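So the chains spell out like this:
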Amino acid sequence: MKIVPLYFVSILKALFKHKPQDSSPLLIMSLFHRTTDIKASSALQLPAVHVKVLEIKRKLRWLFSSSSMEPRKLLQASLALLILATCSCGGHVTSAINRCCSVHAGPTLKMDQALLTFHNQLAEEVQVLYTSDYCYKCVYQHLVTVKPDNNNASAVISIKFTLTMQVDSQTRNATLCRWSETYGEGGHYSVWIQMSETASDPSCTRTVDKRPSNAYLPVLVVALLLAMITLFFVVAPHIYRRYSTSKFIRAICCQGPQNSVDDDGTHEAKHSTDKPARLHSLDAFRGFALTVMVFVNYGGGGYWFFQHAPWNGLTVADLVMPWFVFIIGTSVVLAFRSMQRRGINRLQLLRKISWRTVVLLLLGFCFLNYSPRDGPLSWSWLRIPGVLQRLGFTYFVLSLLQTFWDQKEIPLKEYHWWNPIQDLVLYWPQWLIITLLEILWLCITFLMPVPNCPTGYLGAGGIGDNGLYPNCTGGAAGYIDRWIFGDNMYRYPTCKEMYHTTQPFDPEGVLGTINSIVMGFLGMQAGKIIIFCKGMNFHILCRFLAWAVLLGISAAILSKCTQDGGFIPVNKNLWSLSYVMCMGCFSFLLLGGMYFVIDIKGWWGGQPFIYPGMNSILVYTGHFLLGFYFPFSWEMRFQESHWEWLFQSLWGTALWVLIAYFLYRKKFFLKI
C-alpha cells in the first residue's frame, strides 16, 4: 500500500487554513509547483517521474480553466490529484524531495561542528581524506567517498583546529587537490570537485552555503562582564572611602581642640602599618589556581583552550596543576620554619608529614578515582594513580627535604662571597638530590629501551609520527606505568581522540612524578627567597624576576620555541623538563605580581580567590564528589553553542567559591 509523504500532509494543512472561496486554485497550483520543483539532475535520473509530473500539471491547468465548477468541488478534485501524484510516483518523488531538502537543511549540528558537502562533477569516484594541523605528522584519515556524475556526500567535521583536506582519485592514483582551512561553528560549506576551465587538471572550489556563528562570542561576553564586575569592586571601595573621608574631615572642622582625635588617628595609623603574619598572596595564588582548576574540570564551556592539550603544547587547563604543586613547595618552607620556631622536633614533623601523606593518598584513591556514579566497584578498571596521589607523594618528598636538610640558623651577619646566593649555597644537599632525580628522569626517558619503540620516544603514538609507532604512547613513561599498574590506570588520555591511540596512558604516572617534585622544589626556592630577604621587598621581586627569566630562557631553548620540533617539547602528559621550566617561569611571575599587589601595596585583598585558597582540600574534593549533581551541573538542553555549557561551568565554579566564602566567614577551615 502506498503511503502519502509527510510533505503533502503539510500541503493539506496549508489548504485547510484557507476558505474555499479565497482563490484556492492559485494556492493549490503554487504549492504543487513547489512539490514538483526538483533539480534538473534529479529529473534526469527519474524520467518516468518527470513525465507523470508534467501530465498531472496539465490536468490541473485544465481543471482550473473550467469556471463552472464550484470552489468546494474544485478543492476536492485538486486534493485527489495530489494524492494520485504521490501514489503513482511512489517513493521516487519522496526520495528526490527529501534529498533536495536535506541538501539545504542538513543534519543538526552541535557545538564545534560544521557541515561539509562535497559535489563531485567528475566522471570518476574520489576519496576525501583529512588531518588536523594540531596532530603532529598524523596519517590522513578517511572522511567520505563521493561517487561520480554530479553526486554529493556530506560529513560533519570538528572546527576546534585547522583541518587539512585532501581529495584523492583511485582511478588516477593521485591527489587532485589539498587545502587547509579553519571552519566556523554551525557553518555549511560546499566543495565543488570539477574540471578546471583553464587547465586539464581537476580543481576544488570552496563556497559557503550558510555563514557560521561566532563560537567565541559567549566567552567574550563573559570576559566583558567579569571585567565590569571587577572594575566595580575596585572602584566602589575607593568612592566609599573618599565619601567617608570627606565626612570625617567635616566632622573634625566642626569640633573644638578639646575633641581632637589626633591620638586615635596616630594609633590607628600605626596599627594599619603592621604587617600581617600570614602572606595573603600565597592563599590568593592557591585559590586562583584552584578556581581555574574547578572551572576547567567542569568543562570550561566546551572550549578547547580550557581543556588539556591533545599531546604537546599548552592550554589554560595545563597551567593549574603545576601552579598548585609550586605553591605546595612554597608553603612547606614557610610552614616548617614556623613549626621549628615553635619548638616542634623532627620526630613530630615526620609523624605529621606521614599522616598528611596517607590521608591525601586515601582521599585520591578511595574517593576521587571512584564515585557512586561509576557503578559497582571493580578492581578490573579502578585507577591507581591520580591527582591527589601525586600531590601527596610530592608533598612527602619535599617535606623530607625540608626536615632533614633545612638551615635552622641563617648567618645573615657573617660575610661570605656567596652571600648574594646564600639561599642556594646553604641548601646544597637539597640541590644535589634534585639534580640526581632530574638526571634519573633524563636517563630513563632517553636511554631506556622500550619494546617495538625507538629509544627516547616522546610522541603520542597512534596515527602520529606517520603511524610508525602506534603502540608507543608516552615512550618510556607509558611503558613503565603499564608494567606497574597494568590496566589500573587512566583509559582516556587526552591524545585518544585526535591520535586514535589504543594504549592507556596516565598523566599522573610514576616517571612524571619526578618532575612534579622538581616543580615543587622551585616553589620551595620562592619560600626561601621570602625568608632570606624578609623586609627587603625589592630584593624579593628581583629574585622572582631573575628566576622567571632563567627558567623561561631554558624552556625556550629546550622546546626551540615550537610546539613539536624542540629537543624536549612542552608536554603536560609527560611532565617534560621544558614543561616544568615553563610553568616555573609563569609561577614566579604570577606569585611575584600577587605579592606586590596584595602584600606590598595592599591594593587588593585577594578576594574572592583567597576564600577557596584557605579551604583548598574541601573545595577540591567537594567539586569532584558533588560537582556532577544538581545544583552544580545539570543535563544540558542547548548543545548547538557554548552558551549553556559556559554558564554551567561558571555557575558551578561560583557556587564553590561562595561555599568557601561562607566557610571563611564561619572560620571553618578543613586541615589535614
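Just so you know, these numbers come straight off a predicted model, no measurement behind them. (Residues numbered from 1 in each chain as written. Predicted model: local features only at pLDDT ≥ 70, side-chain atom pairs only at ≥ 80, totals over all residues. Heavy atoms only, no water.)

Caption draft 1: Structural context of the pattern of salt bridges. In this structure the tally under the stated criterion is six salt bridges. Of the charged contacts in the structure, one is a salt bridge between R383 and E508, with a shortest N-O distance of 2.7 Å. Of this pair, R383 sits in the loop between α11 (346–368) and α12 (387–404) while E508 sits in the loop between α16 (496–499) and α17 (510–532), and the two are 125 residues apart along the sequence. Judged on exposure class, the residue R383 and its partner E508 are both buried. A salt bridge links E508 to K572, with the nearest nitrogen and oxygen atoms 3.5 Å apart. (Salt bridge = Lys/Arg side-chain N within 4 Å of Asp/Glu carboxyl O. Helix = DSSP H or I, 4+ residues; strand = E, 2+ residues; numbered from the N terminus. Buried < 20%, exposed > 50% of the residue type's maximum accessible area, 1.4 Å probe, protein only.)

Caption draft 2: The state of the cysteines, seen in detail. Counted by the stated rule, this structure contains three disulfides. There is a disulfide in this structure between C177 and C204, and the S-S distance comes to 1.8 Å. Because the torsion about its S-S bond is -50 degrees, the bridge between C177 and C204 counts as left-handed. Taken together, the positions of C177 in strand β6 (residues 174–181) and C204 in strand β8 (residues 202–210) put the pair 27 residues apart, joining distant regions of the chain. The residues C177 and C204 share a single accessibility class, namely buried. Covalently, C453 is tied to C472 through a disulfide, its sulfur atoms 1.8 Å apart. Here C453 and C472 share a disulfide; its torsion about the S-S bond, -95 degrees, makes the bridge left-handed. Residue C453 is located in the loop between α14 (428–447) and α15 (475–485), and its partner C472 is located in the loop between α14 and α15; the two are separated by 19 residues in the primary sequence. Cysteines bonded in the protein are numbered consecutively along the chain; their disulfide partners then correspond to 1-2, 3-4, 5-6. A disulfide-free cysteine, C495 has its sulfur positioned 9.6 Å from the sulfur of C135, the nearest such atom. Assessed through its relative accessible area of 0%, C495 is described here as buried. (Disulfide = S-S within 2.5 Å.)

Caption draft 3: Highlighting the sheet that holds β8. One open sheet holds the four strands; their spatial order is β4-β1-β7-β8, and the pairing between them is mixed. Two strands bound the open sheet, and with one partner strand each, they are β4 (151–158) and β8. When strand polarity is set aside, the average angle formed by the axes of neighbouring strands in this sheet is 20 degrees. Here strand β1 (residues 113–120) pairs with β4 via eight bridges, running antiparallel. Of the residues in β4, the one forming a bridge with Q113 is S158. (Pairing = 2+ DSSP bridges. Axes fitted to C-alpha atoms, helices over the stretch in contact; angles between N-to-C directions.)

Caption draft 4: Representation of α12 in the model. For α12, with 18 residues, the first-to-last C-alpha span of 26 Å sits near the 26 Å given by 1.5 Å per residue. Across the 18 residues that make up α12, a large majority, 14, are buried. (Expected span 1.5 Å × (residues − 1).)

Caption draft 5: Just the confidence of the model for the protein, in detail. Looking at the protein as a whole, the pLDDT averages 80, with 74% of positions reaching at least 70. Predicted confidence for residues 84–104 stays below pLDDT 50, and this span has 24 contacts to residues more than four positions away or in other chains. For the stretch residues 254–276, pLDDT sits under 50, and the model shows four contacts to residues farther than four places along the chain or on other chains. (pLDDT = per-residue confidence, 0-100. Contact = heavy atoms within 4.5 Å.)

Caption draft 6: Region of interest: the sheet that holds β6. On the basis of which strands lie adjacent, the open sheet formed by four strands has the order β3-β2-β5-β6 and antiparallel pairing. Strands at the two margins of the open sheet, each flanked by one partner only, are β3 (141–146) and β6. On average, each strand axis in the sheet is tilted by 20 degrees relative to the strand beside it, whichever way the strands run. With five bridges connecting them, strand β2 (residues 126–132) and β3 associate as antiparallel partners. Opposite Q127, over in β3, you have T145 as the bridge partner.

Caption draft 7: Structural view of a nonpolar patch on the surface. On the surface, L314, L545, V549, I553, I557, F567, F586 and L589 cluster together into a nonpolar patch covering about 720 Å² of accessible area. Looking at the nonpolar patch, the elements that each hand over two or more residues are α18 (537–559) and α19 (577–600). Mapped onto the elements of the fold, F567 is located in the loop between α18 and α19. (Patch = residues over 30% accessible without salt bridge, like charges linked within 9 Å, V, L, I, M, F, W, Y side chains within 5 Å. Areas by Shrake-Rupley, 256 points an atom, 1.4 Å probe, with all protein chains shown as cover.)

Caption draft 8: Representation of the side chain of N571 within the structure. Here N571 is to be found in the loop between α18 and α19. Taking relative accessible area as the criterion, N571 reaches 1% and is therefore assigned buried. A polar contact is formed between the side chain of N571 and the side chain of N312, at a distance of 2.7 Å. Discounting residues that sit within four places of it in the chain, N571 has contacts with W311, N312, S576 and Y579. (Polar contact = N/O pair within 3.5 Å; in protein donor to acceptor, adjacent residues only side chain to side chain.)

Caption draft 9: Spotlight on the packing of aromatic side chains. Taken as a whole, this structure holds 37 aromatic pairs when the rule is applied. The interplanar angle of 65 degrees and the centroid separation of 5.3 Å between the aromatic rings of Y620 and F624 together place this pair among those described as edge-to-face. A residue pair is termed a helical-turn pair when its members lie 3 or 4 positions apart in one helix, as Y620 and F624 do in helix α21 (residues 616–626) at four residues. F624 sits in the partly exposed class, given a relative accessible area of 28%. An angle of 70 degrees between the planes, with centres 6.2 Å apart, marks the rings of Y664 and F669 as edge-to-face. For Y664, a relative accessible area of 25% puts it in the partly exposed group. The partly exposed category is assigned to F669, whose relative accessible area is 27%. Site record: aromatic cluster; members linked through ring pairs are F285, F288, W323, F326, W431, F521, F544, W547, F588, W604 and F609. (Phe/Tyr/Trp six-rings, centres within 6.5 Å; stacked < 30°, edge-to-face > 60°.)

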